[in-house]
Amino acid sequence: MTSTTRPVHIQDGPPSDVEEIKIESDYLRGNLIQTMKDSISAGIPEDDNRLMKFHGSYLQDDRDLRTERQRQKLEPAYQFMIRVRTPGGFATPKQWLVMDELAHKYGNGTLKLTTRQAFQMHGILKWNMKKNIQEMNDALLDSIAACGDVNRNVMCSPNPNESPVHEEVYEWSKRLSEDLLPRTNAYHEIWLDGEKVVDSTEATEVEPIYGATYLPRKFKIGIAVPPMNDVDVFSQDIGLIAIVENGKLTGFNVAVGGGMGMAHGDEQTYPQLARLIGYTPADQVVEVAKQLMMIQRDHGNRSVRKYARFKYTIDARGLDWLITELHQRLGWELDEVRPYHFDHTGDRYGWVEASNGHWNYTFFVENGRIRDTEGYQLMTALREIAEIHTGDFRLSPNQNLVLGDVTTPKKKEIEEIIARYELESATSQSALRRNSMACVALPTCGLAMAEAERYLPSLITKIEGLLDEAGLGDEEIVTRMTGCPNGCARSALAEIGFIGKGPGKYNMYLGGGFAGERLSKIYRENIGEKEILDELQPILNRYAKERETGEHFGDFVIRAGIVAATTDGTNFHTV
Amino acid sequence: MTLQVTNSPFSEEQVELLNRLLPNITEAQQNWLSGYLTAVSTATSPLIAADVAVLDRPAVEAPTVVKEVTILYGSQTGNGQGIAEQVAAKLKEQSFDVTIQSMSDFKPNTLKKLEHLLLVVSTHGEGDPPDTALPFYEFLHGRRAPKLDHLHYSVLALGDSSYEFFCKTGADFDQRLTELGATPLAPRVDCDLDYDEPAAQWLAAVEVALQIHTGGQTATSSVAVESTSSTPYSRTNPFQAEVLENINLNGRGSNKETRHLELSLEGSGLHYEPGDSLGIFPENNSELVDKIISSGSWNAEETVEINSKGERRALRVALLNHFEITVLTKPLLEKLSNYSESESLKQLLTSDRADELRTYIEGRDLFDALTDFGPVSASEQQLVSILRKLPARLYSIASSLQANPDEVHLTIGVVRYETHGRTRQGVCSVQCAEHLQPGDTLPVYVHKNENFRLPSNSETPIIMIGPGTGIAPFRSFIEERSETGAEGKSWLFFGDQHYVTDFYYQTEWQNYVKDGVLTRLDVAFSRDTEEKVYVQHRMKESSQELYQWIEDGAVIYVCGDEQNMAKDVHATLLEILQQEGGKSLEEAEQFMTQLIQEKRYQRDVY
């Protein structure tokens with residue numbers, strides 16, 4: 001970037017329509033109270049749907065039925081998705097039972113564990129939304145800021161009681177989430193029948209951090225505890241790496257400007273890794289995160305939404321600019337980055353003993369979908385477990401589920417339930433499947449261009465066949481699929497990544513780092529299943545023959561010259 | 001005297017029928033019959049002309065004596081009105097001075113001045129009079145009813161023999177007029193759904209009696225209940241309408257199936273107005289027909305008479321297209337008992353077991369009766385002789401002809417249910433749902449319904465209450481008002497089971513609301529919430545505004561289920577009148593009666 005050319009990402013135009021909606025919304029109220037009552041449509045107008053996101057929900061429809069219903073003179077099968085804010089993926093057994101109950105009562109009878117450790121419920125009808133949120137609220141759960149142009153659910157490595165550090169890190173993730181919440185009373189007024197508060201005209205009083213227009217785009221924070229990079233710390237706007245010295249948490253390395261989203265056909269958009277800018281003592285981490293978020297608030301592009309993420313704000317001005325700006329705002333400087341090391345991004349399945357002598361059990365949950373199917377009654381089994389469990393539930397960043405803090409006597413009871421429902425079978429799935437992840441996509445996600453959650457399992461089965469033939473049956477390869485380039489399942493960080501382009505068609509990416517430290521590179525564009533398998537087969541065969549000891553697939557394809565390494569998001573598209 | 005083949009010109013079958021009839025008729029009936037037969041013998045064309053499409057009649061010379069006749073009709077669906085109008089037309093041709101009126105428009109205090117009165121009245125629900133007949137019915141049965149010694153009258157009663165109180169209103173009028181001293185011109189005739197022939201016979205008898213009574217010439221008239229419209233197509237000569245579109249309005253997961261049918265009227269010359277119905281002649285289910293035929297080892301190919309003109313069809317065709325096989329009636333079972341040795345059938349038909357009979361009839365069909373009371377020793381001809389003609393099905397039209405030239409749209413709820421161990425199907429609705437493709441044709445005719453009409457003043461507000469398939473005429477109303485740019489306010493109440501799947505024509509209503517053609521839309525879905533919510537609850541919620549609309553002269557329309565919905569809606573309207581208008585129950589009821597008379601409360605319920 002030269003100083004004479006203005007970077008495309010820097011705002012050069014009037015605020016977008018979404019900015020207008022935010023300004024006119026009276027701190028996220030809009031007309032939601034009225035439009036949620038309107039009985040002629042199960043949907044709400046687009047403007048209100050924009051605001052709905054700030055309340056953790058948005059309007060979707062069953063896209064499978066769209067054409068059919070149009071012919072039937074019925075509006076689309078509108079329904080709401082609601083995302084529940086659970087910092088660090090923590091839920092009590094009682095909360096689990098409430099989510100289970102609500103999923104059956106108001107939702108489609110399933111729960112989705114998201115890639116950001118949150119619960120997602122689908123299929124809630126308009127007139128059930130308020131009751132749903134109220135019943136969540138009774139269980140101390142909310143959906144505030146689970147979507148929208150705000151700080152989203154804060155992630156952290158979920159292995160509870162693995163060490164006291166993990167517990168401490170969880171507490172920090174909760175603090176970050178709470179402290180960076182919007183302060184408007186709108187959520188309480190709209191959903192909880194809270195009294196209307198007459199807001200001060202001063203934005204600094206109503207929303208001291210966000211102001212009246214909140215952030216230019218979504219904002220994500222995650223904390224990793226090395227050597228596990230399960231939160232994909234480099235995919236976050238602010239990635240925090242816990243630094244442990246003498247068994248104690250001292251502080252965090254701070255990485256900034258990661259993000260997965262891009263738009264097909266616009267190479268000015270790209271996935272980016274967060275870059276390390278220093279180290280902060282633990283007790284300053286909230287202040288650091290807040291100041292970084294406010295820099296993005298003030299400098300992010302509010303004209304073109306696809307250029308509005310923090311990564312572009314930073315890349316357009318350089319990392320040095322950011323560091324200077326941050327130090328100025330903080331009034332002090334970050335320390336040098338401390339040494340750390342990541343091994344992998346995956347979860348450890350089955351029973352693991354915790355530092356306090358209790359136990360954790362990690363279930364493999366394919367694509368995070370909790371449901372009952374014939375022969376696999378996961379949802380029922382988990383309900384039964386929740387009824388006796390005295391510890392907690394932790395949603396993993398890989399869409400899996402951890403039972404935390406299981407005492408030895410409870411372990412026996414839970415083992416009995418696991419055995420009775422034959423849940424171990426899932427944990428003994430292939431390494432490929434256990435390391436796979438897909439977003440929701442069709443039929444409910446409005447952005448999806450291709451299938452993901454409904455399709456990846458069958459594609460995995462076919463790739464498993466290729467691995468078996470190549471003698472790689474137990475190889476751990478991170479495979480991820482998203483139905484669009486927005487990156488919910490972080491495909492651009494996978495060793496084998498698929499990003500949907502159209503029905504049955506995907507861009508295939510190779511060469512992501514096994515520990516989430518490197519972005520992938522496009523290998524083939526717009527291909528269907530047969531081509532995917534035809535392309536993968538010779539590469540996997542070569543990998544079986546030529547790999548070095550311990551060499552991961554993502555590293556191999558680069559060493560073998562199959563794809564070039566992506567060293568920075570800005571060269572993601574360079575082939 | 002007993003008739004025999006040898007001492008009469010009749011066939012064996014005719015002899016049998018006559019011998020069954022003649023010993024049981026009263027003297028009055030004998031007298032009537034002789035007059036009737038005289039009239040018939042002098043007619044220039046066949047007496048029973050119900051199947052004749054176009055009449056070609058010589059002009060009748062004007063008689064010297066002019067006599068007044070008043071025809072009053074009480075009609076809910078418009079059948080009665082249609083017949084009354086045709087009777088009027090016929091009598092006018094005979095140079096009678098005919099006054100024809102709806103009972104709701106008739107001033108009861110003029111009754112004393114009348115000499116000749118003809119009543120055409122239908123019966124509904126539990127033997128109730130039609131809405132429009134209610135005030136006159138109550139007057140006649142009340143204390144203010146005058147002595148009517150001078151009056152000569154006859155009643156044509158319309159009904160459906162599958163209901164317990166078949167033609168009860170007609171019988172009530174008949175009995176009451178006699179009580180008040182009036183003299184029958186001709187005996188009352190009770191018509192079942194296939195009313196063409198009995199109605200024609202009644203008219204023939206009435207004509208003769210009127211001629212004799214008024215001393216005029218004995219008229220020579222072909223008597224037929226026929227449409228007077230310009231199109232050659234009518235109930236007796238239905239138009240084969242091509243199916244343009246046939247879609248299920250219910251989304252996936254619904255408990256219901258409701259077809260939206262679009263038919264082409266191109267080339268038919270058929271015309272309809274919002275509020276009218278379309279008659280469809282359906283075809284019986286072929287599996288059921290085959291089961292019936294094989295249950296009695298009948299020959300499917302044996303021809304049988306399908307009408308009194310003597311047209312013949314193979315038994316299978318007759319059962320498919322000409323006779324009703326899905327509904328049992330008391331008369332049917334009585335006729336069946338002539339061919340069955342079944343003791344239980346005879347028991348069932350004894351007069352003290354009416355309740356059992358009603359329970360038996362409910363939800364059973366011809367196949368059940370043949371199975372339960374077999375073996376049945378009837379010929380193919382005798383089998384069909386116990387059956388009613390297959391009635392046309394009437395559906396409220398869901399489109400405006402102005403908005404859809406040459407088209408007619410229907411909203412048909414598909415009827416399927418399980419009773420007595422078998423799946424039952426609505427004849428017409430299942431045919432539409434399962435067998436009808438675009439390009440197929442259906443025999444149809446337009447059935448006028450003057451009792452369900454948009455106000456002539458396009459600025460008059462309208463309140464439409466139409467849950468379920470009751471929505472149909474209101475789609476027609478709103479299409480019409482949209483097309484004509486009517487400026488009157490409109491308010492629609494709709495309801496069904498589930499919002500997501502059962503909101504019929506949802507996107508159309510949304511657009512009408514957006515465009516302001518529909519001022520207000522309130523919906524109630526009964527199975528989406530723990531507490532069942534129906535349209536009347538929505539009405540109550542807006543009782544104040546609703547009352548204001550009524551005060552402002554709004555016309556209230558109710559269409560759909562009679563048993564529950566229409567009754568609840570009526571009760572709710574009474575409540576609203578009391579609550580918002582400070583009326584007593586009696587005043588509210590009076591007000592409603594007044595609304596009926598002013599045609600500001602119109603119902604199309606079934």
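Residues numbered from 1 in each chain as written. Chains lettered and ligands numbered in written order. Predicted model: local features only at pLDDT ≥ 70, side-chain atom pairs only at ≥ 80, totals over all residues. Heavy atoms only, no water.

Trainee: Would you explain the packing of aromatic side chains in this entry?
Mentor: By convention here, two paired aromatic rings are described through the distance between centres and the angle between planes. Per the counting criterion, the structure on display carries 40 aromatic pairs over all chains. Note on F494(B) and F525(B): the rings are 6.1 Å apart at their centroids and 70 degrees apart in plane angle, and the pair reads as edge-to-face. Remark: F525(B) occurs in strand 19 (residues 520-525) and F494(B) occurs in strand 18 (residues 490-496); sequence separation between them is 31 residues. Joined through ring pairs, the aromatic side chains of W127(A), F494(B), Y499(B), F503(B), Y504(B) and F525(B) make up one cluster. Sitting over the ring of W359(A), K411(A) keeps its end group 4.3 Å from the ring centre. The cationic tip of K489(B) hangs over the ring face of W549(B); the distance from NZ or CZ to the ring centre is 4.3 Å. (Phe/Tyr/Trp six-rings, centres within 6.5 Å; stacked < 30°, edge-to-face > 60°. Helix = DSSP H or I, 4+ residues; strand = E, 2+ residues; numbered from the N terminus. Lys NZ or Arg CZ within 6 Å of the ring centre and 35° of its normal.)

Trainee: Help me out: how do you make sense of the domain arrangement of chain B in this one?
Mentor: Quite often, the size of an interface is put as the accessible area lost when its parts meet. Residue and element names in this part refer to chain B. Here the domain parsing of chain B yields domain 1 (1-226), domain 2 (239-281 + 392-447), domain 3 (286-385) and domain 4 (462-605). Across the boundary between the two partners, domain 1 contributes 10 residues, which contact 14 residues of domain 3. Buried surface at the junction of domain 1 and domain 3, both sides included, amounts to about 850 Å², of which 46% is carbon and sulfur. There are 1 salt bridge connecting domain 1 and domain 3. Between R358 and E164 there is a salt bridge, and its shortest N-O distance comes to 2.3 Å. At the boundary of domain 1 with domain 3, the tally comes to 2 residue pairs in polar contact (both at pLDDT 80 or more). No other element matches the 3 residues that helix 1 (residues 12-21) contributes to the side of domain 1 that touches domain 3. (Domains from an automatic or database assignment. Contact = heavy atoms within 4.5 Å. Buried area = accessible area lost by both parts, 1.4 Å probe. Salt bridge = Lys/Arg side-chain N within 4 Å of Asp/Glu carboxyl O. Polar contact = N/O pair within 3.5 Å; in protein donor to acceptor, adjacent residues only side chain to side chain.)

Trainee: What exactly am I supposed to notice about the state of the cysteines here?
Mentor: Note on terminology: disulfide describes a covalent bond linking the sulfur atoms of two cysteines. All names here are of chain B. Within this structure, the stated rule accounts for 0 disulfides over all chains. Here C167 stays unpaired: no disulfide links it, and the sulfur of C191, its closest cysteine neighbor, is 6.7 Å away. The thiol of C428 is unpaired, and the distance to the nearest cysteine sulfur, on C432, comes to 4.3 Å. (Disulfide = S-S within 2.5 Å.)

Trainee: What exactly am I supposed to notice about unusual backbone geometry here?
Mentor: Phi is mostly negative for residues that are not glycine, and the peptide bonds are mostly trans. The omega angle of the peptide bond from L442(A) to P443(A) is 10 degrees, so this bond is cis rather than trans. Here the bond from G374(B) into P375(B) is cis, since omega is -5 degrees, no more than 30 degrees from zero. Along the chain, P375(B) turns up in the loop between helix 12 (366-372) and helix 13 (380-385). Phi at Y214(A) takes a positive value of approximately 55 degrees, unusual for a residue other than glycine. With respect to the helices and strands, the residue Y214(A) is situated in the loop between helix 9 (203-206) and strand 7 (221-224). Phi is positive for H420(B), close to 45 degrees, though the residue is something other than glycine. Judged by its relative accessible area of 41%, H420(B) falls in the partly exposed class. (Buried < 20%, exposed > 50% of the residue type's maximum accessible area, 1.4 Å probe, protein only.)

Trainee: Explanation requested: the pattern of salt bridges in the structure shown.
Mentor: A side chain of one charge can pair with a side chain of the opposite charge when the charged atoms of the two come close. All names here are of chain A. For the coordinates displayed, the defined rule picks out 88 salt bridges over all chains. Across the pair K22 and D149 runs a salt bridge whose closest N-O atoms are separated by 2.8 Å. Of the two residues, K22 sits in helix 1 (residues 17-24) while D149 sits in the loop between helix 6 (126-138) and strand 6 (155-156), which places them 127 residues apart along the sequence. Judged on exposure class, the residue K22 and its partner D149 are both buried. Two residues, E535 and R524, come together in a salt bridge whose shortest N-O distance is 3.0 Å. In this pair, E535 is assigned in helix 18 (residues 529-546) and R524 in strand 22 (residues 521-527), connecting sequence segments 11 residues apart. Note on E535: relative accessible area 22%, which makes it partly exposed. Overall, R524 belongs to the partly exposed group, its relative accessible area being 33%.

Trainee: How should I be thinking about the interface of chain B and chain A in this particular structure?
Mentor: Facing 24 residues of chain B, the contacting portion of chain A comprises 14 residues. Both sides together, the interface formed by chain B and chain A hides about 1,800 Å², and carbon and sulfur atoms give 54% of it. Taken together, chain B and chain A are joined by 3 salt bridges. When the shortest N-O distance is used, the salt bridge between E68(A) and R252(B) registers 2.6 Å.

Trainee: When you look at a negative patch on the surface in this model, what are you seeing that I'm missing?
Mentor: All names here are of chain A. Where like charges cluster on the molecular surface, the negative patch consists of D17, E20, E24 and D47. Here the negative patch takes 3 residues from helix 1, the largest share from any one element. Position of E20 relative to the elements: it lies in helix 1. (Patch = residues over 30% accessible without salt bridge, like charges linked within 9 Å, V, L, I, M, F, W, Y side chains within 5 Å. Areas by Shrake-Rupley, 256 points an atom, 1.4 Å probe, with all protein chains shown as cover. Lys, Arg positive; Asp, Glu negative; His and termini not counted. Charge placed at Lys NZ, Arg CZ, Asp CG, Glu CD.)

Trainee: Where do I start with the packing of helix 4 (residues 134-141) of chain B against helix 5 (residues 168-179) of chain B in this structure?
Mentor: Each pair of packed helices can be summarised by the angle the axes make with each other and by the distance between the axes. All names here are of chain B. At a minimum axis distance of 10 Å, the contact between helix 4 and helix 5 shows a crossing angle of 35 degrees. Judged by the twist between their axes, the crossing of helix 4 over helix 5 is left-handed. Only K168, T169, D172, F173, R176 and L177 of helix 5 make contact with helix 4, whose side of the interface consists of F136, Y137, L140 and H141. (Axes fitted to C-alpha atoms, helices over the stretch in contact; angles between N-to-C directions. Left-handed = near helix turned anticlockwise from the far one by under 90°.)

Trainee: Would you mind showing me how to read the sheet that holds strand 9 (residues 248-256) of chain A here?
Mentor: Adjacent strands of a sheet pair through backbone hydrogen bonds, lying either parallel or antiparallel. Residue and element names in this part refer to chain A. Strand order in this open sheet of 5 strands is 6-7-8-9-10, and the pairing throughout is mixed. Of all strands in the sheet, those with a lone pairing partner are strand 6 and strand 10 (275-281), marking the two edges. Across the sheet, helix 7 (residues 164-179) is in contact with strand 6, strand 7, strand 8 (238-245) and strand 9; its angle to strand 9 comes to roughly 50 degrees. (Pairing = 2+ DSSP bridges.)

Trainee: Before we go on, may I ask you to explain the environment of A566(B) in this structure?
Mentor: All names here are of chain B. With respect to the secondary-structure elements, A566 resides in helix 20 (residues 562-581). With relative accessibility at 1%, the residue A566 sits in the buried group. A sequence separation of 100 residues divides A566 from G466, and the C-alpha atoms of the two residues are 9.4 Å apart.

Trainee: How do you make sense of the pairing of strand 11 (residues 350-353) of chain A when you look at a structure like this?
Mentor: One face of the sheet, then the other: side chains in a regular strand alternate in exactly this way. Sheet topology note: the strand 11 of chain A/strand 12 (residues 359-363) of chain A ladder contains 4 bridges and is antiparallel. Paired with V352(A) across the bridge in strand 12 of chain A is N360(A).

Trainee: What is the right way to look at the sheet that holds strand 20 (residues 555-560) of chain B in this model?
Mentor: All names here are of chain B. Strand order in this open sheet of 5 strands is 19-18-17-20-21, and the pairing throughout is parallel. Each of the sheet's edge strands pairs with one partner strand only, and the pair in question is strand 19 and strand 21 (601-605). Taking the axes of each pair of neighbouring strands and ignoring which way they run, one obtains an average angle of 10 degrees across the sheet. With 4 bridges joining them, strand 17 (residues 462-465) and strand 18 adopt parallel strand pairing. Note on strand 18: the bridge partner recorded for I465 is F493.

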